Amino acid sequence: MPPRCTICTHPERDGIDAELAAGATYMGVARTYEVGPESVRRHAMNHLSPALAAVRAAHEEKEAADLVTRIEGLIARAEVMFGAAAKDGQSKQALDVLKELRQLLELWGKATGQLDDRPTVTVNLMASPEWLAIRDAILGVLCAYPEARTAVTGRLLQLEAGS
Ligand SMILES: [Zn+2]
């Protein structure tokens, strides 16, 4: 039998649930009610009623949006600083700001989901059925023009060999 949830059986469970729904952090709730943050996390993930969980999710979404807004503010400021440093000919400073900007943009990309650093699948175009069909069609038409066909075939073979 799995261990009982100390939050579900907590005398102030309603208060804990209300705080979680309002977007309180696990640490904050744990401190207020003197319970373990890990118990709070587990309870919030698994035992909140669907309605309360939805309210909490809405809070988390808003927080993510706030984060994006703040990052965008930093980016705007860094861009101004970069412009000023570049204008004054302070190349060392400009370069430093540029590095910060790069990190901010990366952060922004991750926060907005535009930059997905999960591994992606590389499609090998040369091996795709679509390409093989196109290639056969081209070479088929070029049968009427042997010289062109030879030239095209030679170049395609080079491409397929990776050069
Ligand atoms: Zn629970």
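Look above for the structure.
On a predicted model such as this, the values are computed, not experimentally measured, just so you know.

### Focus on the nonpolar core
Side chains of a nonpolar character, in soluble globular proteins, are inclined to be buried together.
Stage number 1. Core analysis: the biggest nonpolar cluster contains 12 residues, these being Cys5, Ile7, Ile16, Leu20, Ala24, Val29, Ala30, Tyr33, Val35, Val40, Ala44 and Leu48.
Stage number 2. With 3 residues, helix α2 (residues 26-33) is the single largest residue contributor to this core.
Stage number 3. Not counting chain neighbours up to four residues away, the residues in contact with Leu20 comprise Tyr26, Val29, Val40, His43, Ala44, Leu48 and Arg56.
Stage number 4. Grouped together as the second largest cluster of nonpolar side chains are 6 residues, Ile71, Ala78, Val97 and Leu104 included.

### Brief notes about the coordination of the zinc ion
Stage number 1. Protein ligation of the zinc ion involves Cys5 (SG), Cys8 (SG), His43 (ND1) and His47 (ND1), the donor distances falling in the range 2.0 to 2.3 Å.
Stage number 2. For the zinc ion, all donor residues lie on one chain, and their spacing in sequence is C-x2-C-x34-H-x3-H. Of the two residues, Cys5 is situated in the segment before α1 (13-21) and His43 in helix α3 (residues 37-46); the sequence distance between them amounts to 38 residues. Taken as a pair, Cys5 and His43 share a single burial class, namely buried.

### Brief notes about the pattern of salt bridges
Stage number 1. Counted according to the given criterion, the structure contains 7 salt bridges.
Stage number 2. When the shortest N-O distance is used, the salt bridge between Asp136 and Arg135 registers 3.9 Å.
Stage number 3. A relative accessible area of 48% places Asp136 in the partly exposed class.
Stage number 4. On the basis of relative accessibility, which here comes to 22%, the residue Arg135 falls in the partly exposed class.

Rules used in this analysis
Residues numbered from 1 in each chain as written. Predicted model: local features only at pLDDT ≥ 70, side-chain atom pairs only at ≥ 80, totals over all residues. Heavy atoms only, no water. Core = buried A, V, L, I, M, F, W, Y, C linked by side-chain atoms within 4.5 Å. Buried < 20%, exposed > 50% of the residue type's maximum accessible area, 1.4 Å probe, protein only. Helix = DSSP H or I, 4+ residues; strand = E, 2+ residues; numbered from the N terminus. Contact = heavy atoms within 4.5 Å. Donors = N, O, S within 2.8 Å, 3.2 Å for Na, K, Ca; no water. Salt bridge = Lys/Arg side-chain N within 4 Å of Asp/Glu carboxyl O.

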